[in-house]
Amino acid sequence: MKILITGGAGFIGSNFVHHALANHTGWQLAVLDKLTYAGNLENLKDVVDRVTLIHGDIADHEIVRKAVEGVEVIVNFAAESHVDRSILDAAPFIETNVKGTQVLLEAARTIGVKRFVHVSTDEVYGSIERGEFTEESPLQPNSPYAASKAAADLLCRSYHKTYGLPLVITRSSNNYGPYQFPEKLIPLMIYNALQGKPLPVYGRGENARDWLYVEDNCRAIASVVEKGRVGEIYNIGGGAELKNLDLVRQLCRQVAAALGKPAADVEGLITFVKDRPGHDWRYALDHSKMTGELGWTPSVNLQDGLKRTIHWYLENRAWMEHVISGEYQKYVARVYEHGWK
Ligand code: NAD
Ligand code: TYD
């Protein structure tokens, strides 16, 4: 089965490529990625010989038309994904998340794909004080990022209802794990803790998130590719809810243990900073549909997931330096000049 993975050089997409190659040997993978600051070919360097790589924008009709030739399944990870960046400038979020999704949907419809899996987020539901969002909860996005993802979800729905496109949507909670760009909370805190830099906690650190180890999300998305019911939405929750400050303190203790330092040395780096505008208070997902229909549950608990993640960042300091310093952009430039391999 030939599968096109958009955004496959990013955090979740590259983990999905690794997961698919290890667990779904019958899948032939192609990656379409624009290689923005968040897309990094180093994430795929061990597998370049086993994947067709296409450099391009999902909002570019011509590139997408060529990329979908012969493809049976599309899994759309490509997106601008950081809330803070969307607050600074919403325009790229509309271009990629909304327009890009529509271009992909149109190409998928034209060639008649067997399945289109659209990777969305719990943030489309907005914030919840108590309880958990189900797949039926209304869409009440609060950031430009979340609004652009909600718009994409609705376009997906319309292509299914209007044109019968065989479409499935996944909405997951906050992912963490290897290859995550160090602008999101967990890798940023690990990076700063390793450098002895301040750990910026927004507001009072009382906002809560549900954390999902990326490998668990990849396993869930793979099962949606294989068995998800067309026209359905699946919530993928981690079942690990924590207030940000508690999470950061836990990270500090685990980083300190990994470095053989007293926990207080790392915890002392915590710095409260001005809150994010429109900061969602709490996310929580009911993932009983994934469990009931597809037999999926998260398998990595937060403590183990953080341990693995910290270990990965310690082992991959060069990767971290490259993405932070822009070194990988030079790597990309080399690739543009000499080809993908
Ligand atoms: P990421 O920012 O790490 O990676 C995004 C990838 O998409 C990068 O490789 C980037 O180069 C590529 N890309 C961006 N614009 C593109 C375009 N116009 N054309 C082609 N490629 C483009 O994001 P991520 O964290 O891996 O998220 C992947 C998907 O999962 C996104 O759709 C995001 O909304 C969703 N999601 C993420 C999380 C999370 O916690 N990270 C949680 C729920 C849902
Ligand atoms: P983030 O990783 O950006 O994910 P999202 O906003 O999509 O949930 O942030 C997770 C939480 O951590 C969120 O409540 C904002 C907070 N946060 C900080 O307190 N400090 C930071 O430096 C960052 C990046 C986030």
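What you see is a predicted model, and the numbers here were worked out from it, not measured in a lab. (Residues numbered from 1 in each chain as written. Chains lettered and ligands numbered in written order. Predicted model: local features only at pLDDT ≥ 70, side-chain atom pairs only at ≥ 80, totals over all residues. Heavy atoms only, no water.)

Novice: Got a minute to help me understand the overall build of the protein in this structure?
Specialist: A count of helices and strands for the protein gives 13 helices and twelve strands. The C-alpha radius of gyration of the protein comes to 19 Å, within 12% of the 20 Å expected for a compact globule of 341 residues. The principal-axis extent of the C-alpha atoms belonging to the protein is close to 60 × 50 × 35 Å. Within the protein, the fraction of its 341 residues that count as buried is 55%. In the protein, the share of contacts with a sequence separation of at least 24, taken over all contacts with a separation of at least 6, comes to 81%. (Helix = DSSP H or I, 4+ residues; strand = E, 2+ residues; numbered from the N terminus. Rg over C-alpha atoms; globule rule 2.2 N^0.38 Å. Buried < 20%, exposed > 50% of the residue type's maximum accessible area, 1.4 Å probe, protein only. Contact = heavy atoms within 4.5 Å.)

Novice: I would appreciate a short explanation of the sheet that holds strand β11 (residues 241–243) in the present structure.
Specialist: What holds strands together in a sheet is hydrogen bonding between their backbones, with the strands either parallel or antiparallel. Ordered in space as β7-β9-β11, the three strands form an open sheet in which the pairing is mixed. The two strands at the open ends of the sheet, each matched to only one other strand, are β7 (174–176) and β11. Averaged over neighbouring strand pairs, the angle between their axes works out to 45° when direction is ignored. In the sheet, β7 pairs with strand β9 (residues 208–213) via three bridges, with the strands oriented parallel. Counterpart to Tyr176 in the pairing with β9 is Tyr213. Across the sheet, helix α8 (residues 244–259) is in contact with β9 and β11; its angle to β11 comes to roughly 95°. (Pairing = 2+ DSSP bridges. Axes fitted to C-alpha atoms, helices over the stretch in contact; angles between N-to-C directions.)

Novice: What am I meant to see in the site of ligand 1 here?
Specialist: As a matter of local geometry, ligand 1 sits amid 28 residues, with Ile12, Asp33, Ser81, Tyr145 and Lys149 nearest to it. Side-chain polar atom of Thr96 to a nitrogen atom of ligand 1: 2.9 Å apart, as the coordinates give it. Val119 places a polar main-chain atom, nitrogen or oxygen, 3.5 Å from an oxygen atom of ligand 1. Coverage of ligand 1 by the protein chains reaches 97% of its 830 Å² of free accessible surface. Breaking the shell around ligand 1 down by element, the ones donating at least two residues are α1 (11–23), β5 (115–121), α5 (144–163) and β7. (Near = heavy atom within 4 Å. Polar contact = N/O pair within 3.5 Å; in protein donor to acceptor, adjacent residues only side chain to side chain. Areas by Shrake-Rupley, 256 points an atom, 1.4 Å probe, with all protein chains shown as cover.)

Novice: Which parts of the structure should I look at to understand the nonpolar core?
Specialist: In terms of nonpolar packing, the biggest core is built from 73 residues, with Phe16, Val17, Leu29, Val75, Ile221 and Val225 touching the most fellow members. When near neighbours in sequence (up to four residues on either side) are disregarded, Val17 contacts Ile5, Gly8, Leu29, Val31, Leu44, Val47 and Val51. With 22 residues, the next largest nonpolar core counts Leu4, Leu32, Leu104 and Cys156 among its residues. (Core = buried A, V, L, I, M, F, W, Y, C linked by side-chain atoms within 4.5 Å.)

Novice: What am I meant to see in the pattern of salt bridges here?
Specialist: If the charged atoms of two oppositely charged side chains come close together, the side chains can form a pair. In this structure the tally under the stated criterion is 16 salt bridges. For Glu62, the salt bridge is made with Arg65, and the minimal N-O distance between the two is 2.5 Å. With Glu62 and Arg65 both in helix α2 (residues 61–67) and three residues apart, this pair spans about one turn of that helix. Overall, the relative accessible area of 38% leaves Glu62 in the partly exposed class. Across the pair Lys99 and Glu95 runs a salt bridge, and its minimum N-O distance is 3.7 Å. Taken together, the positions of Lys99 and Glu95, both in helix α4 (residues 91–111) and four residues apart, correspond to about one turn of that helix. Several salt bridges share partner residues, and in doing so they unite Arg229, Glu232, Lys289 and Glu293 into one network. (Salt bridge = Lys/Arg side-chain N within 4 Å of Asp/Glu carboxyl O.)

Novice: Honestly, α8 in this entry has me stumped. Any pointers?
Specialist: When the terminal C-alpha atoms of α8 are compared, their 22 Å separation across 16 residues agrees well with the 22 Å that a helix rising 1.5 Å per residue should span. For α8, every residue scored as buried is listed here: Asn244, Leu245, Leu247, Val248, Gln250, Leu251, Cys252, Gln254, Val255 and Ala256. Backbone geometry just after α8 places Gly260 at a positive phi near 70°. (Expected span 1.5 Å × (residues − 1).)

Novice: What exactly am I supposed to notice about the site of ligand 2 here?
Specialist: Not every one of the 16 residues close to ligand 2 is listed here, only the nearest: Glu123, Pro200, Arg209, Arg276 and His279. The side chain of Arg209 places a nitrogen or oxygen atom 2.7 Å from an oxygen atom of ligand 2. Here an oxygen atom of ligand 2 sits 2.6 Å away from a polar atom, N or O, in the side chain of His279. If ligand 2 stood free it would expose 510 Å²; the protein chains cover 97% of that surface. For the shell around ligand 2, a count of residues per class yields seven nonpolar, four polar and five charged. (Nonpolar A, V, L, I, M, F, W, Y, C, P; charged D, E, K, R; others polar.)

Novice: I keep staring at the sheet that holds strand β4 (residues 73–76) and nothing clicks. Help me out?
Specialist: Across the sheet, which stays open at both edges, the seven strands sit in the order β3-β2-β1-β4-β5-β6-β10 with parallel pairing between neighbours. The open sheet is flanked by β3 (51–55) and β10 (233–236), the only strands paired with a single partner. Here the average twist between neighbouring strands, direction ignored, is 20°. Its contacts with the sheet place α1 against β1 (2–6), β2 (28–33), β3 and β4, and it is angled at close to 175° to β2.

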